[in-house]
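Residue-level listing of the chains:
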Amino acid sequence: MMANKPKTLFDKIWDKHVVKSQVGYPDVIFIDRHFIHEVTSPQAFDGLRKRGIQVFNRQRTTATADHNVPTKDQHLPIKEALSRHQVETLRKNCQEFGLELYDLGHPFQGIVHIIGPELGLTLPGMTIVCGDSHTSTHGAFGNIAFGIGTSEVEQVLATQCILQYKPKRMKIEINGKLGKGVVSKDIILYIISKISASGATGYFVEYAGDTIRNLSMEARMTICNMSIEMGARGGLIAPDETTFAYIKGRKFAPQGADFERLVEEWKALKTDEDAEFDRVLTFQAEDIAPMITYGTNPGMGIKITDRIPTQAELQDISEQNSLTKSLAYMGLEAGLPLLGKAIDYVFIGSCTNARIEDLRLVADFVKGKQKAENVEVWVIPGSKQVEKQAIAEGLDKIFAEAGFELRSPGCSACLGMNEDKVPAGKYCVSTSNRNFEGRQGPQSRTFLASPLTAAVAAITGKVGDVREFI
Amino acid sequence: MAKDKFVILKSSAVPLPIENVDTDQIIPARFLKATTREGFGENLFRDWRYTPDNQPKDFVLNNSTYSGKILVAGKNFGCGSSREHAAWALHDFGFKVVVSSFFADIFKGNALNNSVLPVVVSESFLQTIFTEIEKNPQTEITVDIENQTISLANGQSETFEINAYKKTCLMNGYDDIDYLLSLNEEIRAFDLVNS
């Protein structure tokens, strides 16, 4: 008998979750963990009601309120009527269908992709979905995690399964040592700038190489988080000792002997040697510099010391068209550098960069410094637990002394659907994941960057190169 | 839930020759707050259609020259946020088909789940469609699901891909949950073994 065909990690996990596979039909994939929030779930519950059915397995779904919650005075009723209605609807739905909800005020509340990992709900080898494209974040633990639409949320609630076609497999390998001031956000912004905002469409990505291996879990999450910004369905990283150490002792993670037994199983979660990928890309860590975006999709990024490209420098005609439109929106000129550009807001937060390590990185840099006078700085912890930890470590005082505002957890100014919005025409250096037109508020202008680059902007009031300050 | 059956569609089309149209443009985040699937059409492409003080802008949906149940858009339509509201908004506005040379993955799935058919054509055929609409805004385009063809009034046509499963669903007006619910016992058994 022939030896089993070598498999990628993605295939191993996928194959283990196929309930039914039929020619001409999508695979029926069993979902281990389902996260829901107030924005993409109400119509799914509505659907269940219309069909007269219950949730298939209540233990497998966890809810929180994050997208449109205010980040100030969370103990008061939500001022904005529609937001309040959605959060109340989530509350009502969770109660009616018997689901766990980490509501405003609960010690576990936070951005859905931050609380899953920190509570030990996100584990290696799982299938994880949520009605939010940044579900890819969880892939940092070596699982298949991806965003779904509300109809699929309804499928999972009703049947714990969704219908999927297997995507193609891409490996992105990064080797070498990162330079001074270069962090995981720069790695992913660099990759997206190289392959474009649609360069990985149709693929599921595995990140590999020693640069990735040397990253902490939180840094790995930042990378997997933005997989969707190059069009990928998701991105994953094989689990290792760093992963197991992070999970150990977390609230809902398996404990004691169960944990030890699972760690042994998880060690097998890696791509076989000789397994084939549909596409392999390799990057060198030494080539990566602090990055910043200049345009209106995350692929429009440059090294912080580079000039904005001109039409002639872009290969693709569609990119040339986007460039003109983007620069008009951003109020920028092709061929000019971004360094020294005055900015108005700094947003440190979102499922990309609102974990405790991100806050520590910023606090380390700003300690003893003051924010620039005309800049408003928002620091939004990703969860109540991150907030608590930040306060325990005294980061709140460092931020307060620097003139930064540490607020309560939520998605905040990442997506302009709560009270935190960047005003029209204003520039914001943001640690979030999208720089689309109007994303941070109507007519807002976003520069995506790492927490370190955001911290530099907060202190100097300008786009600056962190390497000059450390 | 049974939905409308969809076999053949003849309609004029609305041209949107812009690439990388993301779902934040299709339906801006601040309109995601409804708790039902209806009513999103009025905010479709809101910020391209209206100024912040609700004055109509120079945008194709405000131009009475163009109408129809088919939207023809540039490459990489529906990129960005996974919000299914983008598909609801297009459906609620009255679009049954979106034609482009490339669609973002999640949007494509969401559209198919909501009786909006994404039709992928070659880049050159897409440009031909834009040219034909420019020549005659009322020109009729025919989308035939059974034969998987998209045809123009001048006789030019192209075939498009649609998987067999979705084709059956669209033509019979049933959805994914109807199918999954029929597998309830198999799923229950799988959950017990793998929990």
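The coordinates are above.
Residues numbered from 1 in each chain as written. Chains lettered and ligands numbered in written order. Predicted model: local features only at pLDDT ≥ 70, side-chain atom pairs only at ≥ 80, totals over all residues. Heavy atoms only, no water.

A count of helical and extended segments in chain B gives eight helices and eight strands. By the compact-globule yardstick of 16 Å for 195 residues, chain B fits well, its C-alpha radius of gyration being 18 Å. Taken along its principal axes, the extent of the C-alpha atoms in chain B is 60 × 45 × 25 Å. With 195 residues in all, chain B has 57% of them scored as buried. Sequence-distant contacts, at least 24 apart, represent 66% of the contacts inside chain B between residues at least 6 apart. Surface exposure of chain B reaches about 8,000 Å², of which carbon and sulfur atoms provide 49%. Here chain B carries 18 positive and 26 negative side-chain charges, and the mean point of each set is 3 Å from the other. (Helix = DSSP H or I, 4+ residues; strand = E, 2+ residues; numbered from the N terminus. Rg over C-alpha atoms; globule rule 2.2 N^0.38 Å. Buried < 20%, exposed > 50% of the residue type's maximum accessible area, 1.4 Å probe, protein only. Contact = heavy atoms within 4.5 Å. Areas by Shrake-Rupley, 256 points an atom, 1.4 Å probe, with all protein chains shown as cover. Lys, Arg positive; Asp, Glu negative; His and termini not counted. Charge placed at Lys NZ, Arg CZ, Asp CG, Glu CD.)

It is worth spelling out the nonpolar core at this point. Ile-172, Ile-174, Tyr-207, Met-230 and Trp-266 of chain A are the most contacted members of the largest nonpolar core, which totals 90 residues. The greatest single-element share of this core, amounting to seven residues, is contributed by helix 6 (residues 184-195) of chain A. When residues of this core are assigned to domains, at least three map to each of domain 1 (10-164) and domain 2 (168-287) of chain A. Non-local contacts of Ile-174 of chain A, meaning those with residues more than four positions away in its chain, are made with Ile-187, Ile-191, Ala-208, Gly-209, Asp-210, Thr-211, Ile-212, Phe-283, Ala-285 and Ile-288 of chain A. Formed by 82 residues, the second largest nonpolar core is a distinct cluster that contains Val-39 and Ile-308 of chain A together with Leu-32 and Phe-40 of chain B. (Core = buried A, V, L, I, M, F, W, Y, C linked by side-chain atoms within 4.5 Å. Domains from an automatic or database assignment.)

Within the secondary structure layout, Ser-444 of chain A lies in the loop between strand 18 (427-430) and strand 19 (445-448). Excluding its chain neighbours within four sequence positions, the residues that come into contact with Ser-444 of chain A are Tyr-329, Val-422, Pro-423, Ala-424, Gly-425, Lys-426, Gly-438 and Arg-439 of chain A.

Turning our eyes to something else, we now look at the sheet that holds strand 10 (residues 203-208) of chain A. All names here are of chain A. Ordered in space as 11-10-9-12, the four strands form an open sheet in which the pairing is parallel. The open sheet has two edge strands with one neighbour each: strand 11 (234-236) and strand 12 (279-284). With strand direction ignored, the average angle separating the axes of adjacent strands in the sheet is 20°. Seen against the sheet, helix 6 touches strand 9 (168-175), strand 10 and strand 12 and runs at an angle of roughly 125° to strand 12. (Pairing = 2+ DSSP bridges. Axes fitted to C-alpha atoms, helices over the stretch in contact; angles between N-to-C directions.)

Take the sheet that holds strand 4 (residues 97-100) of chain B next. All names here are of chain B. Strand order in this open sheet of four strands is 2-3-4-5, and the pairing throughout is parallel. At either end of the open sheet lies a strand with only one pairing partner, and these are strand 2 (13-16) and strand 5 (117-120). When strand polarity is set aside, the average angle formed by the axes of neighbouring strands in this sheet is 20°. Relative to strand 4, strand 3 (residues 70-73) runs parallel, the two sharing three bridges. Bridge pairing in strand 4 places Val-72 opposite Val-99.

Residues spaced three or four apart along an α-helix point in a common direction, a consequence of the helix completing one turn every 3.6 residues. Within helix 4 (residues 105-112) of chain B, burial applies to Ile-106, Phe-107, Asn-110, Ala-111 and Leu-112 of chain B. At its buried positions, helix 4 of chain B is contacted by strand 7 (144-147) and helix 5 (150-159) of chain A together with helix 1 (23-26), helix 3 (85-93), strand 5 and helix 6 (164-172) of chain B.

Quick look at the interface of chain B and chain A now. Contacts between chain B and chain A engage 52 residues on the former and 65 residues on the latter. Among the residues of chain B in contact with chain A, Lys-33, Thr-35 and Phe-190 of chain B are the three that bury the most area, contributing 15% of the side total. Applying the counting rule to chain B against chain A returns six salt bridges. Across the salt bridge formed by Arg-51 of chain A and Asp-175 of chain B, the nearest N and O atoms sit 2.8 Å from each other. The interface formed by chain B and chain A holds 23 residue pairs in polar contact (both at pLDDT 80 or more) in total. Secondary structure elements with two or more residues in the side of chain B that touches chain A: helix 1, helix 3, helix 4, helix 6, helix 7 (176-181) and helix 8 (184-194) of chain B. With seven residues, the top contributor of residues to the side of chain B that touches chain A is helix 8 of chain B. Residues of the side of chain B that touches chain A, tallied by class, amount to 20 nonpolar, 16 polar and 16 charged. (Buried area = accessible area lost by both parts, 1.4 Å probe. Salt bridge = Lys/Arg side-chain N within 4 Å of Asp/Glu carboxyl O. Polar contact = N/O pair within 3.5 Å; in protein donor to acceptor, adjacent residues only side chain to side chain. Nonpolar A, V, L, I, M, F, W, Y, C, P; charged D, E, K, R; others polar.)

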